[in-house]
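# Report on the structure
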Amino acid sequence: MKKLSIFPAITLSFLLALLVFSGCKPDPEYIYDVNQVEALPADADKTILKTEEQYISVLYANLFQKALSANELVEIKRVIESVGDKETVYEVILSSFMNQPGKIIPSDATMRADLDKFIEETYARFYVRKPTAAEKEWFRNYIQADANISPELVYMSFALSNEYQYY
Amino acid sequence: MAAAGAAVFPYILPSGRLFASSGAQLAEHVVFVLFAGGVRQQESVLQRYLDDSQGVPIAGNIMYNMLEGAPPTQKIVYGTNGSLDGNTPIPKIINTTLEKQGTLFKEVHVDTSGHYAGLNGLVSGNYAATQGLKQKPVYPTIFEYARRHMGLSATQTWFVGNTIGNSVPLLNYSTYPDYGAAFGANFIAPQVTFGAGGQKHMANAKVYHPEEELGPMYRMKYFLDSLALSSGKDVPGIKNTDEEKNDLKNFFKEMYNKTASNSIALPPVRDNADLTTIGYACEVLKWFKPTLTVVNLSAVDGCHGNFTGYLKSLHRADHGVAHLWNYIQTQIPEMAGKTAMVIIPEHGRNDVPNPIIDQNLWYAYDHSDDNSKRIFGMMVGPNIPANLQLGDEANPLGHGCDGVLTIAEILGFKNEVLNAGLTHGDAMSMFDRI
């Protein structure tokens, strides 16, 4: 009987001690901080300038949704090499593409029916990325404000832009 | 106070350049003909025709638009086809030879016997001996000096090339810091640009309205580029302004139309590639009236395998240069009487032939020995001494890199080029050698 009464007393003392000491433990000191994250532009992963062959091949595929033949690629590359101002020669060749049948470009009505969708699809088609909120907003406002802007002109601006020259 | 007041500070001229160029301008325009491909002194200035190459004692002048002297009277093979192949010399275009109108350096030394180093020496005034093919010039070209020190726009300087091979398209600007693409020249290789490939892929370009269509298109492009530029994504190469680009596109359109209608300003005889290049060079001059135009010829390089063809090409190079000069004087009023022309080969050809014989059993010549380092130099135009011949075989005078400083002097920025200190140590303005 005596043995039995000792065990609860020890247990009780242990629990009391635990309660007393744990009650005296100070609160942990929390430090709130911000992780260092490098903010990069939307095109940051594109660092390599396309070669003339790459540029023309990709451009043709973007516009016609099919590959340019090897012979035509060689011909066009020679023409590009024969003109010093690459921006201008690209623009003339692009304008020539725009005069060819078979290019796949949405109609003006389709573009204006859902501008956000058109802008997102154009960014995906030419830049292989989503537009930022600011980019989407700028293009939405710009296209809405000018009835002369056609999908063809938007495509030209993307195809001639600096980001499109990189991958 | 007085000293402070006298201090010179750089200022931006309306044209965008720092400082005004320091010298007086001798002519408003310069056309620099790279009389290239490798021309032997013996068949050009020395007028020895077959006498100093094939053991046939027939001499004579086959460059009678440029040089004083009577043409050969026998074994005429360099002309157009008459009753025999090449037996009809091309008629003279100009009555007074360029030699009589200007100054001829009859014996000039060049350090190289290679095409690309030679062309580099002509356009940059320095050979850059360590420079390989497929590499842009490492020293500034005459285009960059002109644009930087005269404040010229891109369409005021032109390089009309004969080919897109042999690194020729790379010669329109260098990689030198503080010069480079921002001061580069427009380049075309007309036989490609306006040849079958160009006709197929550029002639049918859609024409957009400059304000209603191209204006908004460029604004969208510039918006897109503002992001790309912020992350350092510029596109290398020369830049024309939007206005110049439009002018360039209109020029291309016009050239495709004129090519299709066979109305390019080609010389009377137009049966080789150099003469085609000359014809389109005339069109560039007529359209843009550039301050500086460089035209590259090279057909004489066929001498590696055919001496008869070489003679024909040399005769046609003379014909082409005369047509170019005559066209400027008679068809471009804005440039007539205000244009200087400088003509220098990039190197010569060998003294000893190779074993290849042609249809006339004549030996061909390569370019590698000391005879290949002998050339001539010529300049003609306003404020250039007329009928002046300097140097001879025994007394060479001039250097293959003299072209840059000569043009710089004509256009009034020689001191700027000298101060840059980047031309060959032996290079001088031809005027300073007189």
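Counting of residues starts from 1 at the beginning of each chain's written sequence and follows it residue by residue. Chain letters start at A and ligand numbers start at 1, both assigned in the order the entries are written. Since the coordinates come from a predicted model, pLDDT governs what is reported: local features require at least 70, and pairs of side-chain atoms require 80 or more to be given and counted, while whole-chain, interface and lining totals use all residues. Side-chain measures were taken over the full set of non-hydrogen atoms in the model, leaving aside hydrogen atoms and water.

It is worth spelling out the overall build of chain B at this point. A run of H or I in DSSP becomes a helix once it reaches four residues, and a run of E becomes a strand once it reaches two; helices and strands are each numbered from the N terminus. Broken down by element type, chain B carries 13 helices and 8 strands. Note that the radius of gyration is over C-alpha atoms, with the globule rule given as 2.2 Å times the number of residues to the power 0.38. By the compact-globule yardstick of 22 Å for 434 residues, chain B fits well, its C-alpha radius of gyration being 22 Å. Once the C-alpha set of chain B is aligned to its principal axes, its extents read approximately 70 × 60 × 40 Å. Relative accessible area decides the class of each residue, using a 1.4 Å probe on protein chains only: under 20% of the type maximum gives buried, over 50% gives exposed, and in between gives partly exposed. A burial count over chain B gives 57% of its 434 residues as buried. Should any heavy atoms of two residues lie within 4.5 Å, those residues are considered in contact. For chain B, the share of sequence-separated contacts (at least 6 apart) that also reach a separation of at least 24 residues comes to 74%. Only the protein chains shown count as cover for residues, with accessible areas throughout obtained via the Shrake-Rupley method and a probe of 1.4 Å. Total accessible area on chain B stands at roughly 16,100 Å², and carbon and sulfur atoms take up 53% of it. Put simply, chain B has 32 plus and 40 minus side-chain charges, and the middle of one group is 6 Å from the middle of the other. The charge count includes Lys and Arg as positive and Asp and Glu as negative, but it does not include His or the ends of the chains. For the purpose of locating charges, the reference atoms are NZ of Lys, CZ of Arg, CG of Asp and CD of Glu.

Take a nonpolar patch on the surface next. There is a patch of nonpolar side chains on the surface, built from B:Ile357, B:Leu361 and B:Tyr363 and spanning about 310 Å² of accessible area. For B:Ile357, the position within the fold is in the loop between β6 (339-344) and β7 (374-380). For patch building, the residue pool is restricted to those with more than 30% relative accessible area and no salt bridge; the joining distance is 9 Å between like charges and 5 Å between nonpolar side chains (Val, Leu, Ile, Met, Phe, Trp, Tyr). Definition used for salt bridges: Asp or Glu carboxyl oxygen within 4 Å of a side-chain nitrogen of Lys or Arg.

So, on to the interface of chain B and chain A. Residue-level contacts link 46 residues of chain B with 46 residues of chain A. Here's the idea: put two parts together, see how much 1.4 Å probe accessible area each one loses, and the total over both is what we call buried area. A buried area of about 4,300 Å², summed over both sides, lies between chain B and chain A, and 62% of it is on carbon and sulfur atoms. When the buried area of chain B at its contact with chain A is split by residue, B:His201, B:Met220 and B:Lys233 rank highest and sum to 17% of it. At the junction of chain B and chain A, the tally comes to 6 salt bridges. The salt bridge partner of B:Lys206 is A:Glu152, with a shortest N-O separation of 2.9 Å. Polar contact is the term for a pair of N or O atoms within 3.5 Å; when the atoms are in protein, one must be able to donate a hydrogen and the other to accept it, and sequence-neighboring residues count only if both atoms are side-chain atoms. Where chain B meets chain A, there are 20 residue pairs in polar contact (both at pLDDT 80 or more). At the level of elements, β4 (186-188), α5 (190-193), α6 (196-201), α7 (210-230) and α8 (242-260) of chain B are the ones that each hand at least two residues to the side of chain B that touches chain A. Looking at the side of chain B that touches chain A element by element, the count peaks at 15 residues for α7(B). We call Asp, Glu, Lys and Arg charged. Ala, Val, Leu, Ile, Met, Phe, Trp, Tyr, Cys and Pro are nonpolar, and the rest, Gly among them, are polar. Residues belonging to the side of chain B that touches chain A are distributed by class as follows: 24 nonpolar, 10 polar and 12 charged.

All right, on to unusual backbone geometry then. Both trends apply: most residues other than glycine have a negative phi, and most peptide bonds are in trans. Residues and elements named next belong to chain B. Not every positive phi belongs to a glycine, and Gln47 is a case in point at roughly 55 degrees. Looking at where Gln47 falls in the secondary structure, it is placed in the loop between β1 (29-34) and α2 (98-101). Non-glycine residue Lys289 carries a positive phi angle of around 45 degrees. For Lys289, the location among the structural elements is in the loop between α9 (273-288) and β5 (292-296). Relative accessible area serves as the criterion here: at 24%, Lys289 is assigned to the partly exposed category.

Turning next to the packing of aromatic side chains. To pair, rings of Phe, Tyr and Trp, with the six-membered ring standing in for Trp, must have centres within 6.5 Å; the planes then decide the type, stacked if under 30 degrees apart, edge-to-face if over 60, and tilted in the middle. For the structure shown, the criterion picks out 39 aromatic pairs over all chains. Consider the rings of A:Phe118 and A:Tyr155, whose centres lie 6.2 Å apart with planes at 10 degrees: the pair is stacked. Here A:Tyr155 lies in helix α8 (residues 151-160) and A:Phe118 lies in helix α6 (residues 115-127), a separation of 37 residues in the sequence. Relative accessible area serves as the criterion here: at 3%, A:Tyr155 is assigned to the buried category. Here the aromatic rings of B:Phe35 and B:Phe376 are separated by 5.8 Å at their centres, their planes lie at 65 degrees, and the arrangement is edge-to-face. Here the residue B:Phe35 occupies a position in the loop between β1 and α2, and B:Phe376 occupies one in strand β7, the gap between them amounting to 341 residues. For B:Phe35, a relative accessible area of 1% corresponds to the buried category.

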